[in-house]
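# Structural overview for review
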Amino acid sequence: MDAGEVAGLIAAIAFAVLVILLAVPILKLAGTVGAATRAINDLNDRTGPLLADVDETVKNVNVALSQVQVSLDGVNLQLAKVDTITEHAAHVTANVANLSTVVSAAAANPLVKVASFGYGLRKAARARRRADDEREVRDTLKQRRKAAR
């Protein structure tokens, strides 16, 4: 064997060792890829039922939301009726207030006249009593003066 053949043999052995050394990480990488593939398949198998459950939940939420919408529509109708009732009550209250003012004015005017008449009578009666009392006192004083003379 000459030197060129020995060099070719060494190169072939070195290449074989290199291939064996590189095969170990590649085999380990293949195992990792296989495990990742199994994990993805397992996740895929579990995700299907989970997504079905989520879909069912979303459908139930949509049904509940439609029921809430129907309820809110009913509440809005009732509130519209309450607004109408409140408006009518406000009109009735305003009419009652106006009627109260009219009745008060109508009743107060004669009452004021009666009260004024009563006050005038009392004042006249008091003035007359006072005049009688003063006349009596004057007459008594005149009699005393005459008697004293």
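Residues numbered from 1 in each chain as written. Predicted model: local features only at pLDDT ≥ 70, side-chain atom pairs only at ≥ 80, totals over all residues. Heavy atoms only, no water.

This brings us to the pattern of salt bridges. For side chains of opposite charge, pairing can occur when their charged atoms come near one another. As enumerated under the stated definition, the model contains four salt bridges in all. Of the charged contacts in the structure, one is a salt bridge between aspartate 42 and arginine 46, with a shortest N-O distance of 3.4 Å. Highlighted residues: aspartate 42 and arginine 46, both in helix α1 (residues 3-148), separated by four residues, approximately one helical turn. Overall, the relative accessible area of 59% leaves arginine 46 in the exposed class. (Salt bridge = Lys/Arg side-chain N within 4 Å of Asp/Glu carboxyl O. Helix = DSSP H or I, 4+ residues; strand = E, 2+ residues; numbered from the N terminus. Buried < 20%, exposed > 50% of the residue type's maximum accessible area, 1.4 Å probe, protein only.)

Our focus in this paragraph is a positive patch on the surface. There is a patch of like positive charges on the surface, built from Arg122, Lys123, Arg126, Arg129 and Arg130. Summarising the element assignment, lysine 123 is placed in helix α1. According to the relative accessible area criterion, lysine 123 is partly exposed, its value standing at 49%. (Patch = residues over 30% accessible without salt bridge, like charges linked within 9 Å, V, L, I, M, F, W, Y side chains within 5 Å. Areas by Shrake-Rupley, 256 points an atom, 1.4 Å probe, with all protein chains shown as cover. Lys, Arg positive; Asp, Glu negative; His and termini not counted. Charge placed at Lys NZ, Arg CZ, Asp CG, Glu CD.)

Another aspect to go through is a nonpolar patch on the surface. The grouping of Met1, Val6, Leu9, Ile10, Ile13, Val17 and Leu21 at the surface amounts to a nonpolar patch, some 720 Å² of accessible area in total. Following the sequence through the fold, isoleucine 13 ends up in helix α1. What makes isoleucine 13 exposed here is its relative accessible area of 51%.

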